[in-house]
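Report on the structure
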Amino acid sequence: MLSLKLPRLLSINQVPKGYREQGILFGYRPPRSSAADCLLSVFQMTNETLNIWTHFVPAWYFMWTLVGRLWGPGDWEDPHAWPLLAYLLTCCIYPLASSCAHTFSTMSTRARHICYFFDYAALSMYSLGSALAYSAYVFPAEWVSGTFHHCYVPVAVFNTVVSTSLSCYSRFLEVEQPRFSKASRTLAFVYPYLFDSIPLFYRFYLCAAESCTEAAILVHYKHTVFAFLTCFIFASHLPERLAPGHFDYIGHSHQVFHVCGIISTHFQMEAIMMDMAERHRRPLPTSLPPSSLQTLGSMGICTAVSLAVIGLCSMSLRFMPEPLQR
């Protein structure tokens, strides 16, 4: 009979330093696992199992939404819909890249770094997708076609390149300077989010001053609350930081971080679609449909630069020694 042997799980003292997570004491998969072992571990309860599934399943939900839009009446032919399609594509890619990174990160130290290089690049591309959608549908009416509006997407492209570069570089500091590495990685993703949200924050200000009742604003509020909660959980390592060993398999911060991030993206997607429908019903006189250069060009540039950054960082890994497994 064909029998499958699940990988043996290790404690925190049995894995190299670069594999250890604060407050997680047990449930580690063996370093230098084969690809088959990594795939088998998806169906084994480890400290990574829910990290994998909490992003793998939502990726298909976003894919279903994207396909529904592509098969919709003329969406892919309408330049007004291109920023939404680009945004939805990044919504599919970032959780799928994260799920793959968590699945195959124990093949080797170099494979672990490369997996997370792609994970960070996908998350940075999601930031650009959000900026494209915000530029097309979320900008306040009085800002549309102004100087900031014209500079918004080019700056978002620059931010995406910086975010990918800084987050990938932070992995080289992980063992020797873990706090600085964590702070750099957090900054790499928080700054683009704050910049992308400037138009939204201004709409929040106007809504609070004028007591507006826009349905989309209420959904944007939900998205923003979950976005800030996602950042807090990622940076704080709660709850496992307060009770090491009690949340090794279920309930640790990275799992909660994934769930909050997906919920935040869901609310953001719903709010963007509501704003898009409103702009379609009531087009602004100064607003022009997004050009293919702005949408496809921005995505293409960032994809090419991100792959170049990943390639450069991957080649630099050969100068990093492989840690010994204890």
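The following paragraphs examine the structure supplied in this document.

Conventions we followed
Residues numbered from 1 in each chain as written. Predicted model: local features only at pLDDT ≥ 70, side-chain atom pairs only at ≥ 80, totals over all residues. Heavy atoms only, no water. Core = buried A, V, L, I, M, F, W, Y, C linked by side-chain atoms within 4.5 Å. Buried < 20%, exposed > 50% of the residue type's maximum accessible area, 1.4 Å probe, protein only. Helix = DSSP H or I, 4+ residues; strand = E, 2+ residues; numbered from the N terminus. Contact = heavy atoms within 4.5 Å. Axes fitted to C-alpha atoms, helices over the stretch in contact; angles between N-to-C directions. Parallel < 35°, antiparallel > 145°, perpendicular 65-115°, else oblique. Left-handed = near helix turned anticlockwise from the far one by under 90°. Nonpolar A, V, L, I, M, F, W, Y, C, P; charged D, E, K, R; others polar.

Moving on, we come to the nonpolar core. Membership of the largest hydrophobic core comes to 41 residues, with the highest contact counts inside it found for Leu84, Tyr87, Leu88, Leu128, Tyr137, Tyr152 and Ile272. Listed by contribution, the elements that provide at least two residues to this core are helix H2 (49-70), helix H3 (82-104), helix H4 (109-138), helix H5 (147-170), helix H7 (198-210), helix H9 (253-281) and helix H10 (292-316). Top element by residues in this core is H4. It accounts for eleven residues. If we skip the residues at most four places from it in the chain, leucine 128 touches Ala156, Val157, Thr160, Ser298, Met299 and Cys302. Within the second largest apolar cluster, seven residues are counted, among which are Cys168, Val309, Ile310 and Leu317.

Two numbers describe how helix H8 (residues 215-236) lies on H9: the axes approach to 8 Å, and their chain directions differ by 160°. As judged from the angle between their axes, H8 and H9 are roughly antiparallel. In the packing of H8 onto H9, the handedness of the crossing is left-handed. For the contact of H8 with H9, the class distribution of residues is 16 nonpolar, seven polar and three charged.

Quick look at unusual backbone geometry now. Leucine 238 connects to proline 239 through a cis peptide bond whose omega is 10°. Note that proline 239 resides in the loop between H8 and H9. The backbone of serine 145 shows a phi angle near 70°, a positive value even though the residue is not glycine. Looking at the secondary structure, you find serine 145 in the loop between H4 and H5. The backbone of histidine 237 shows a phi angle near 55°, a positive value even though the residue is not glycine. In this fold, histidine 237 is placed in the loop between H8 and H9. Judged by its relative accessible area of 13%, histidine 237 is buried.

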